[in-house]
Amino acid sequence: MSIAGDLLDAAILRGGRTPVVRQTEAAECGLACLAMIAAHHGHRIDLAALRRSYNVSLKGMTLLDVVHLARRLHLATRALRLDLDGLSRLRLPCILHWDHSHFVVLTHVGRNSVTINDPATGRRKVPLPEVSRRFTGVALEAWATEGFERKTERARIRVFDLLRRTRGFARAATQILVMSVFLEFAVILVPIVFQLVLDDVIVADDRKLLVTVAIGLGLVLMFRTLVGFVRSWCIAATGARLTLQWKSSLFRHMLDLPLDFFERRHVGDIASRFGSLDAIERTLTTGPVSALVDGVMSVALVAMMWLYEPMLAVIAIGVMGTYALMRMVAYRFYRVANEQAIVTAAQENTHFLETVRGMASVKALTISERRQISWHNYLVDQISAHLRVEKLDIVFGSASTLLFGLDRIIIIVLGAQAVMAGSMTVGMLVAFLAYKDQFSQRVATLLDTLVHISVLSVHGERVADIALTTPEESSRTAPAPVAGQAIAAAPQAALSARGISFRYGDNERPVLSAFDIDVAAGECVAIVGPSGAGKTTLLKILAGLLRPSGGAVLLDGVPVQALGLERYRSQIGCVLQNDRLFAGTIADNIAAFSPAYDPDRIARTARLAAIHEEILRMPMGYETLVGDMGSSLSGGQMQRIVLARALYRNPRILLLDEATSHLDEENERSINAAIRSLTIARVIVAHRRSTIDMADRIVTVWPEGLAAPQRAATDGTMASA
Ligand SMILES: Nc1ncnc2c1ncn2[C@@H]1O[C@H](COP(=O)(O)OP(=O)(O)OP(=O)(O)O)[C@@H](O)[C@H]1O
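Scoring rules and cut-offs
- Residues numbered from 1 in each chain as written.
- Predicted model: local features only at pLDDT ≥ 70, side-chain atom pairs only at ≥ 80, totals over all residues.
- Heavy atoms only, no water.
- UniProt positions renumbered as here; feature names shortened; annotations may be inferred.
- Salt bridge = Lys/Arg side-chain N within 4 Å of Asp/Glu carboxyl O.
- Helix = DSSP H or I, 4+ residues; strand = E, 2+ residues; numbered from the N terminus.
- Buried < 20%, exposed > 50% of the residue type's maximum accessible area, 1.4 Å probe, protein only.
- Pairing = 2+ DSSP bridges.
- Axes fitted to C-alpha atoms, helices over the stretch in contact; angles between N-to-C directions.
- Contact = heavy atoms within 4.5 Å.
- Domains from an automatic or database assignment.
- Buried area = accessible area lost by both parts, 1.4 Å probe.
- Polar contact = N/O pair within 3.5 Å; in protein donor to acceptor, adjacent residues only side chain to side chain.

The name given to the protein chain in an unreviewed UniProt entry is Peptidase domain-containing ABC transporter, with the source organism recorded as Rhodovastum atsumiense. Taken directly from UniProt, the Subcellular location (unreviewed entry) text for the protein chain runs: "Cell membrane".

Shown next as structure tokens:
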């Protein structure tokens, strides 16, 4: 989209027409379209706020889901099937089903083209032949009904709140401010000295005064350099402190977020949201202080100019006013351009990370060319978005050079006339010009700073997605267990789940409904069921990783929530389907990077997991380094180390999700024997007969909504609990 396009967006943002809301996650086009339509009718809601009221899974939304959410926003809807001719009769803006997997908002229908707001790429005109290829023929009209409120709902972080809560910022800001004020004295003083030199020293040929003035100027210069040096030092130190404080507390917060937060977002997007803190820090370290100083200085400089020549001062103020007006008008599209630059950078980063992580598949499928093309497209989007911001900067830079240059010429001409008329001296004119230049520069910088600070809200919105998501209740935040609810010290425990219900998104069918399971202390239960039935989901719920929408998990009869999640998890040894190792040694990984690990216990658990001998045969034994995410190990080795890691914790409950799926028969047999010999409660999700057979009992999970005869047909061999 061009600068003209940005201008259009900006105008629309002002005028209440249909703004572009960009999706930041792959599955969010439906949400973004609804946000656009709601904004058109006056309810300006951002995606973060919408996401909070409606959980969309990574699979995205169907048209029916869009209808349901529209109803919650008090928008009435009408779904239609139509051909191209019917587009002109639609009530606009409306949602079009696009490319069979995407939604866009139709805002205008012309003779040869239509205008759409595409949540993925922005606003554009689409020629009718392209529409006929991409439009699936399904449209959804939406309009405000009773109960619809014109309001603004934004889940964003107020950047100044961040500052208020930052330790030591107020003190550092005050120091920087005081030093800035000292520096500014020099700015006010120097033109007066120039005037003195021109009017008194040169005219009167006063050499003694010249020496005094030169010494004075030298002292001012030294003072300025020193204060400037200390000020820059303070700014750098404050910036570093802010980054450290903000990033570590945001990372801490992120670690406490529930697992489903990460399951619904791309890793590149989360990284980019995190990176938004850098942008906030860069602007806020100096922004508020320099805005304050520039503001006060502008007033002081106006006063100085007024003292010299009010008429010339009025001209300087008038030109400045014109520039300020121009920046205000253009602010909105500067913001839109910035927003696009950030979102496209996140998309490019996500694609990049995904490609690097999936390199083996890329090569095996010979899709390097296709990945290259799609990455190239993202990169072009990103670079053009940045280019748009840069072009805007160039436009403003040139406009200010032109305006202030003209202003200077006018003032020199009028000032020279005043000197010739005797109402000003040459020294006064030079001093006035120095003040005027400072004034123009200060106000321009002040406006730039204000624009940058306001654009920070874009970054604030992105950080808010992490910072405002409610953390799961951990032991740190959970109340201390009430008497009788503490975890017993006995090595064995019973696990049960009562009435468990779960769905991945508000728009998803339930995976589990009112599901019950009891595992007695010391018992081994195998969970079986067809693929996609919900076994992994159940195991994650039992492990305290997913929070069920209904029902409760109980350890020895005490609900998990009452125990505190972290305390509960510390009792559980868990091996998930795609469990990962972290970069470090094998010993570090088995001991989960505990600083005081017990080598004997590590060897014992590795023996149980049938990996001890293999580790000893490795070049550096337990000190062998494991690559990023376990990449230097075979799938089977990784599975056994992950199992050893789970056993190292001395768990009271062991949960295994296809933990032996990569193993050969012999290794599987010895692991099964080891697991059978354990005396703790075990829950094992398995497909293999040999693993299922070692269980004391089998529980079958059936896909929700599957009728009994279908269940029998799905798997006749499975025993039911
Ligand atoms: N993150 C997710 N978002 C949305 N839906 C999901 C997610 N993870 C799983 N599902 C869906 O939940 C259902 C149950 O998945 P689950 O992984 O629990 O099945 P499973 O019985 O363990 O399957 P398998 O035996 O193939 O591992 C599936 O329909 C799956 O598509």
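The discussion continues.
Throughout the structure, instances matching the rule amount to 21 salt bridges. A salt bridge links glutamate 472 to arginine 569; its shortest N-O distance comes to 2.9 Å. Remark: arginine 569 occurs in helix H17 (residues 565-569) and glutamate 472 occurs in the loop between helix H14 (426-467) and strand S9 (495-502); sequence separation between them is 97 residues. A relative accessible area of 16% means that glutamate 472 is categorised as buried. By sharing partners, the salt bridges in this structure join Asp99, Arg124, Glu130 and Arg134 into a single network.

The antiparallel open sheet is built from six strands, whose spatial order is S2-S7-S3-S4-S5-S6. Looking at which strands have only one partner, the edges of the open sheet turn out to be strand S2 (75-81) and strand S6 (122-127). In this sheet, adjacent strand axes meet at a mean angle of 35° when their direction is disregarded. Bridge count for strand S3 (residues 94-98) against strand S7 (residues 135-144) is four bridges, and the pairing is antiparallel. What sits directly across from leucine 96, in S7, is alanine 139. Contacting S2, S3, strand S4 (102-109) and S7, helix H4 (residues 63-72) runs over the sheet at an angle of about 155° to S2.

Once that is clear, we can look at the domain arrangement of the protein chain. The domain architecture assigned to the protein chain consists of domain 1 (2-153), domain 2 (160-468) and domain 3 (490-712). Computed from C-alpha atoms alone, the centre-to-centre distance between domain 2 and domain 3 is 53 Å. On the domain 3 side, the residues contacting the five residues of domain 2 number six residues. Between domain 2 and domain 3 lies a buried interface of about 470 Å² when both sides are counted; carbon and sulfur atoms form 45% of it. Considering only the side of domain 2, the residues that lose the most area to domain 3 are Leu259, Glu263 and Arg357, jointly responsible for 76% of the buried surface there. For the interface between domain 2 and domain 3, the tally reads zero salt bridges. Run the count over domain 2 and domain 3 and you get zero residue pairs in polar contact (both at pLDDT 80 or more).

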